[in-house]
Amino acid sequence: MYFNLRYENEELVFINQTLLPFKEEYIHTDDYNRIAEAIERLEIRGAPAIGVAGAYALVLSQKKAIDPALFEKAYKRLAGARPTAVNLVWALNKIKDCFSISCTFAGLVDAAVALHRDDERRCELIGKYGCEIFVKKSRVITHCNTGRLATAGEGTAFNVIKQGYLNGQVEFVYADETRPLLQGSRLTAFELGKNNIPFSIISDGMSSHFMSKGLVDIAITGADRIAANGDSANKIGTFALAIACKYHNIPFYIAAPKSTIDSNIENGLGIPIEMRKGDEVLFANGTPVTLPEYTALSPSFDVTPAELIHGIITEDGIYSYPYNFREV
C-alpha cells in the first residue's frame, strides 16, 4: 500500500505527488532545502503533511552538527514555503521549542516523530467523530485531496468518507477535479481507487447540476487554515461548492485537526492567500490547454465564510456554527 511520509535511516522518504496517479515514485533525502522545494512544488502537499514534513526537514538541518545559525536559516526557509497552511509554522514552532530545551539531534528526531504520531492520532479521531454526520447511506461530494496523501495519517475529510464507507454509511463519492492542479482527479481518485470506494470524477462546475437532481446528500472538504470565527481557507473552488450546498440545502462540513485553527486571526480577511504562477492554469500536467502567452491568475485558496459551514470536524469532536476558536 502507498504511503505519504516516512522517516527512516535518518532521511525523509516521501511520495512525489506531482507524478500521481501515473507513477509512484519515492524521494529519499536528508536535505532540508530539498524538502522545502518539495513543499513549494507540491510534491508534498496537504496542510497536516506539510507540517510534519517541515518538522522533519528542520530536524535534518541539524543532522551533521547542532548549529543554531543553520537552524534559524532552515526555519525561515521552510516557514516561507507555503504561506497559507498554518500547520507548517505550527509544527516548525514545536521543533523550535524543543531546540531551545534539548539541543541533541536524537531529541529533535523524537520531537518530529511525536508530531507524526500525533497527526496519525488526530486523523483516526476525525474519522471516528466524522461518521456521526451521516444520517443515512449517503452520496458525498468532496473537493481537493484530504486523504493519506494530505496528512501523516489516514486523512481528514477523506478519512471520514473512508470510515463512513466501511461502516456502510457512504455509498458513492463525487470527486471534484479541483483545478488548476487536479488534486481531485489525480490524487483523490487515486486514493478512492486504492480503497475500492465507488466514485466518479466531476469537473468543478458540475456540482450544482448533480445537487439539483437530488444526487448529493452531503459535502465534506478539508481546510488549510481556520480563523477564530470559523472562516476557513481551502483549495480554490471550495467557496463555490459551499455556496451551491447552501442553495440546495445540503450540509457542508469541513474536517481538519485543531492545528489548522489559527486563533490569532479573527476572521477570513486575515488569512493570507497564496498566489501561484499563472502557468498552473494555462497548463495541465505540463500540457498547454490554451496559448501560453495568455495571462492567467491563480490564487491557490479561497475562504469559505463560517455561516456556510454546517460543522467543523476535529479530533475533539464536531463544532457547530457559530464558531468560537479564540482559545485553542
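Parameters and conventions
- Residues numbered from 1 in each chain as written.
- Predicted model: local features only at pLDDT ≥ 70, side-chain atom pairs only at ≥ 80, totals over all residues.
- Heavy atoms only, no water.
- Pairing = 2+ DSSP bridges.
- Helix = DSSP H or I, 4+ residues; strand = E, 2+ residues; numbered from the N terminus.
- Axes fitted to C-alpha atoms, helices over the stretch in contact; angles between N-to-C directions.
- Contact = heavy atoms within 4.5 Å.
- 1 Å grid on protein atoms, 1.4 Å probe; cavity = no way out; pocket = protein on both sides within 12 Å on 5 of 7 lines; lining within 4 Å.
- Points joined across faces, edges and corners; volume = space filled by probe spheres on them.
- Nonpolar A, V, L, I, M, F, W, Y, C, P; charged D, E, K, R; others polar.

## Structural notes on the sheet that holds strand E16 (residues 317–320)
The strand order E6-E5-E4-E7-E10-E15-E16 describes an open sheet built from seven strands, whose pairing is mixed. If you trace the sheet from one side to the other, it starts and ends with strand E6 (199–202) and E16, each paired once. Going from strand to strand, the sheet's axes swing by 25° on average, the running direction of each strand aside. When strand E15 (residues 311–314) meets E16, the two strands line up antiparallel, connected through four bridges. Residue Gly 311 lies in a different strand from E16, and its bridge partner there is Ser 320. Across the face of the sheet, helix H5 (residues 105–130) comes into contact with strand E10 (252–255), E15 and E16 while running at roughly 135° to E15.

## Section: the layout of surface pockets
Its boundaries defined by the atoms lining it, the largest pocket holds a volume of some 370 Å³. Forming the boundary of the largest pocket are 19 residues, of which Arg 41, Leu 42, Leu 181, Arg 276 and Glu 280 lie nearest the centre. The set of elements that each furnish at least two residues to the lining of the largest pocket consists of helix H1 (32–41), helix H7 (183–194), helix H10 (279–282) and strand E12 (283–284). The element contributing the most residues to the lining of the largest pocket is H7, with three residues. Here the lining of the largest pocket is built from residues that sort into seven nonpolar, four polar and eight charged.

## Section: the sheet that holds strand E11 (residues 261–262)
Read across the sheet, four strands follow the order E11-E8-E9-E14 without closing on themselves; strand pairing throughout is mixed. The two strands at the open ends of the sheet, each matched to only one other strand, are E11 and strand E14 (301–304). Sheet analysis places strand E8 (residues 225–227) next to E11, joined by two bridges and oriented parallel. What sits directly across from Ile 226, in E11, is Ile 261. In the packing of helix H9 (residues 238–247) onto the sheet, the strands contacted are strand E9 (232–235) and E14, and the crossing angle to E14 comes to about 35°.

## Regarding empty space enclosed by the protein
Taking a probe equal in size to a water molecule and rolling it over the atoms shows the remaining empty space. Going through the model one piece at a time under the given rule, you end up with two cavities of 30 Å³ or more. By volume, the largest cavity amounts to about 220 Å³. Taken together, 24 residues line the largest cavity, and the ones lying closest to its centre are Arg 45, Gly 46, Ala 47, Cys 144 and Asp 224. Elements with a minimum of two residues in the lining of the largest cavity: helix H2 (47–60) and E9. No other element matches H2, which puts three residues into the lining of the largest cavity. In the lining of the largest cavity, the residues fall into 11 nonpolar, nine polar and four charged.

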